[in-house]
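# Fold and geometry: a report
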Amino acid sequence: MAVDFVVRSDTVPAGTAGSTASARLNKRQEIVAMPWDMSLAVEGRLFVANRGTITTGIILLSAEATNLRPDMVVRVPSGTTIFPLYIVTHFEASGAGVHDVMARGCSNDVGAGTSTAVTPVSMSPAQGRGTACIVARDYTADCTAPTSPFEFYRDGYPTDPDVAGSVSRFTWSYGKDGPAPALRGPASLMYHTGGTIAGSLYFASIVWAEFLTSELV
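Structure report, in brief. (Residues numbered from 1 in each chain as written. Predicted model: local features only at pLDDT ≥ 70, side-chain atom pairs only at ≥ 80, totals over all residues. Heavy atoms only, no water.)

## Some details on the overall build of the protein
When helices and strands are counted, the protein shows one helix and 15 strands. In the protein, 83% of the contacts between residues at least 6 apart in sequence involve partners at least 24 apart. (Helix = DSSP H or I, 4+ residues; strand = E, 2+ residues; numbered from the N terminus. Contact = heavy atoms within 4.5 Å.)

Below is the structure:
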């Protein structure tokens with residue numbers, strides 16, 4: 001059966017839920033489609049958790065990434081599935097020495113432990129959709145041991161990030177740096193940093209897409 005595409009290079013009319021419409025081409029007869037992550041943002045399914053504000057960085061918890069004391073955790077409840085899409089860390093006032101960033105997933109909720117709560121924010125606030133996840137930071141005592149943990153991102157730099165020409169910003173993004181894990185709750189997305197100089201500062205953001213598990217499987 002033939003599928004109709006309509007050439008449109010002007011304002012595209014908005015459809016309503018449940019309505020039918022023709023697919024869209026530009027004047028070069030190329031299919032026009034919104035990127036998946038942008039579509040999720042419009043739907044209100046993207047959320048972000050931040051560390052650090054404007055010019056106030058976060059002091060590193062330890063000289064190296066610690067297994068049971070993550071710097072930030074996105075705790076995924078039963079009935080919810082998330083896909084990490086973007087993780088960024090910016091070190092400053094760091095001093096010489098190795099600086100590490102790591103992200104892991106696991107198949108259990110590692111709990112709040114001795115952590116402090118972080119308020120995640122929708123990347124489309126007007127949509128009104130809230131997250132079911134709980135975000136925790138700065139575990140000063142051991143969390144619950146992760147079940148079936150797997151590391152999907154690690155980066156770092158073996159010298160002073162403050163030196164001109166050095167690397168101070170580390171990013172992982174879905175597609176560009178690898179596939180995104182599907183964390184089906186109960187699960188946890190664990191973020192770790194480490195630096196060898198006491199008092200090192202950093203800023204961080206984690207972005208994820210969130211669904212009801214019943215919407216996917």
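## Comments concerning the packing of aromatic side chains
For the structure shown, the criterion picks out seven aromatic pairs. Summarising the aromatic geometry, the rings of Phe83 and Phe211 are spaced 5.8 Å apart at their centres and angled 85 degrees between planes, so their arrangement reads as edge-to-face. With Phe83 in strand β6 (residues 80–92) and Phe211 in strand β15 (residues 201–212), this pair connects stretches of sequence that are 128 residues apart. Across this residue pair, the class does not change: Phe83 and Phe211 are buried. Between Phe150 and Phe152, the aromatic rings sit 6.5 Å apart at their centres with planes inclined by 45 degrees, giving tilted as the arrangement. Site record: aromatic cluster; members linked through ring pairs are Trp36, Phe83, Tyr174 and Phe211. (Phe/Tyr/Trp six-rings, centres within 6.5 Å; stacked < 30°, edge-to-face > 60°. Buried < 20%, exposed > 50% of the residue type's maximum accessible area, 1.4 Å probe, protein only.)

## Re the pairing of strand β5 (residues 72–76)
Burial of β5 is extensive: five of the five residues sit out of reach of the surface. Here β5 shows no split at all, with Met72, Val74 and Val76 on one side and Val73 and Arg75 on the other all buried. As paired elements, β5 and strand β10 (residues 134–137) share four bridges and run antiparallel to each other. Bridged to Val73 within β10 is Ala136. (Pairing = 2+ DSSP bridges.)

## As for the sheet that holds strand β7 (residues 99–106)
Across the sheet, which stays open at both edges, the six strands sit in the order β8-β10-β5-β14-β7-β11 with antiparallel pairing between neighbours. Strand pairing shows two members of the sheet lacking a second neighbour, β8 (116–118) and β11 (150–157), which therefore form its edges. Within the sheet, the average angular offset between the axes of one strand and its neighbour, ignoring direction, is 20 degrees. Of the pairings in the sheet, the one linking β7 to strand β14 (residues 187–195) comprises eight bridges and is antiparallel in character. From the neighbouring strand, His99 faces β14, where its bridge partner is Gly195. (Axes fitted to C-alpha atoms, helices over the stretch in contact; angles between N-to-C directions.)

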